[in-house]
Amino acid sequence: MINVPKGTKDILPQDSYKWQFVENAARETARLFGAAEIRTPTFEHTEVFLRGVGETTDIVNKEMYTFLDKGGRSITLKPEGTAGIARAFVENGLNNSALPAKFFYLTPCFRYERPQAGRLREFHQFGVEFLGSRSADIDAETILLAKTFLDKVGIKNVTLYINSIGCKECRKKYEDALKAYLNENYDSLCALCKDRLNKNPLRILDCKNDECKKITEKAPKILDYICEDCSNHLEKVKKLLDIAGVEYKINPNIVRGLDYYTRTVFEFVSENIGAQGTVCGGGRYDGLISELGGTDTPGIGFAVGIERILLLLENTGVNIENPNKVKVYFAPMGEKESEKAFELVSDLRANGISADFDHMGRGIKAQFKYADKIGAEFVAVIGSNELMGGAVKVKKMADGSETMVKFTEFSEFILKA
Ligand code: HAM
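Now for a description of the structure that goes with this document. Since this is a predicted model, take the numbers as computed values, not measurements.

The strand order across the open sheet formed by 8 strands is β1-β5-β6-β11-β10-β9-β7-β8, and the pairing between neighbours is mixed. Two strands lie at the open edges of the sheet, namely β1 (36-37) and β8 (249-250), each paired on one side alone. Of the strand pairs in this sheet, strand β7 (residues 158-164) and strand β9 (residues 262-270) are connected by 7 bridges, and their pairing is antiparallel. Within β9, the residue paired with Val158 across the bridge is Ser270.

This part takes up the environment of Lys221. Here Lys221 lies in the loop between α8 (210-217) and α9 (228-244). Leave out the neighbours within four places in its chain, and Lys221 touches Tyr174, Thr216 and Pro252. In this structure the side chain of Lys221 is engaged in a polar contact, spanning 3.0 Å, whose partner is the backbone oxygen of Glu217.

Secondary-structure assignment places Arg196 in helix α7 (residues 191-199). A polar side-chain atom of Arg196 sits 3.5 Å from a polar atom in the side chain of Asp58. Beyond its immediate stretch of four places on either side in the chain, Arg196 contacts Asp58, Pro201, Arg203, Ile204 and Cys207.

Moving on to the environment of Lys395. Residue position: Lys395 is located in strand β15 (residues 391-396). The partly exposed category is assigned to Lys395, whose relative accessible area is 24%. For Lys395 and Val379, which are 16 residues apart along the polypeptide, the C-alpha to C-alpha distance reads 5.2 Å. Those residues within four positions of Lys395 in sequence are excluded, and the remaining contacts are Phe368, Glu377, Phe378, Val379, Gly400, Ser401 and Glu402.

Before going further, it helps to spend a moment on the pairing of β7. Burial within β7 is extensive, with 5 of its 7 residues counted as buried. Pairing geometry for β7 and β8, over 2 bridges, is parallel. Counted as the bridge partner of Tyr161 is Lys249 from β8.

Scoring rules and cut-offs
Residues numbered from 1 in each chain as written. Predicted model: local features only at pLDDT ≥ 70, side-chain atom pairs only at ≥ 80, totals over all residues. Heavy atoms only, no water. Pairing = 2+ DSSP bridges. Helix = DSSP H or I, 4+ residues; strand = E, 2+ residues; numbered from the N terminus. Contact = heavy atoms within 4.5 Å. Polar contact = N/O pair within 3.5 Å; in protein donor to acceptor, adjacent residues only side chain to side chain. Buried < 20%, exposed > 50% of the residue type's maximum accessible area, 1.4 Å probe, protein only.

So this is what it looks like as structure tokens:
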């Protein structure tokens, strides 16, 4: 037997309706906020992510699925959605379109990580990217979109953490202060953080190692270093979230794992799904479009991990109804009856009602068992008597009640039922 590659999963019919539920909620929420769908390729030239996500990040250093194609080009499966969309924005000259450009996407992503609950090598994101506005309004709106989506799917008990990591100028000052402090504690840092110290010191702030956590608790805080403009921006975002009634906590240790962020960063975190509790992460990225060769265009967005959403729904007992069950199952008791069932099923389908009938030549008992398994709402039995009488016996599975319905009135009966 050949197994799926480690860190990937089949999404089977017993679960796919849950995915559809989450995806529909994503599409509907995006629509409410005026975002249109964008689809970019599953793979890009590696450079998109080197320049976009950043060469000092774990994603670029350790996690990318990169290979040479048969033409000798370095290709990478997308580890996230933002960089590819920024590339598409520049390449298609979308800065000349109506701004802000509001995009949403549903996409598979690929990261070579150690699989565990909520962490896969192929996973799926729902994300949005709003490009073209520097206003704090759009930061608040982006966060509100994420919150609206989480509410819509039934997620409760997530905490929204917000931070500002400043702009290029003020972050530099902060990084210098942070580095100086961390250098004093160099020996106690974990090996990974020792390595991060010169490349990407901010990342040390969200290291999960206990020793590093103790050190970073007393580290200088970025909010004491950000410039007046960045500070005012954050205050405005907070004010708008207050107006919208969205609860949040300011957390100076939220720094995010991708290099493109500037100013506002945020995460929605759950305590209910183990170590991988971040269900949604995002932030502003005012330098990304110019980094990829476009005209200076600000942007902000987020992505939600769909697997983590489903895990959270399961762990908190949220039930998702399967809307894809067959409404009517016909149980014919012979060949002629089967032909009638074929006709009636076609009729129902033409009227938009899902219907099916036996294709296995099963006896009546087995047919009822099958109908029950697939969750059919009604079972319509056609025996020789029914065929002669021009009517079917319809059993409502929920309460066992039976009704005789004429063939000619069948669709109408089901539509009303
Ligand atoms: P990210 O924090 O790397 O951000 O990923 C966003 C979300 O994707 C995470 O919060 C998590 O739910 C999910 N996720 C990430 N890695 C995995 C994994 N290995 N297995 C399962 N789920 C995972 C980004 O990707 C940014 N592009 C978000 C963004 C959009 N920022 C601005 N615009």
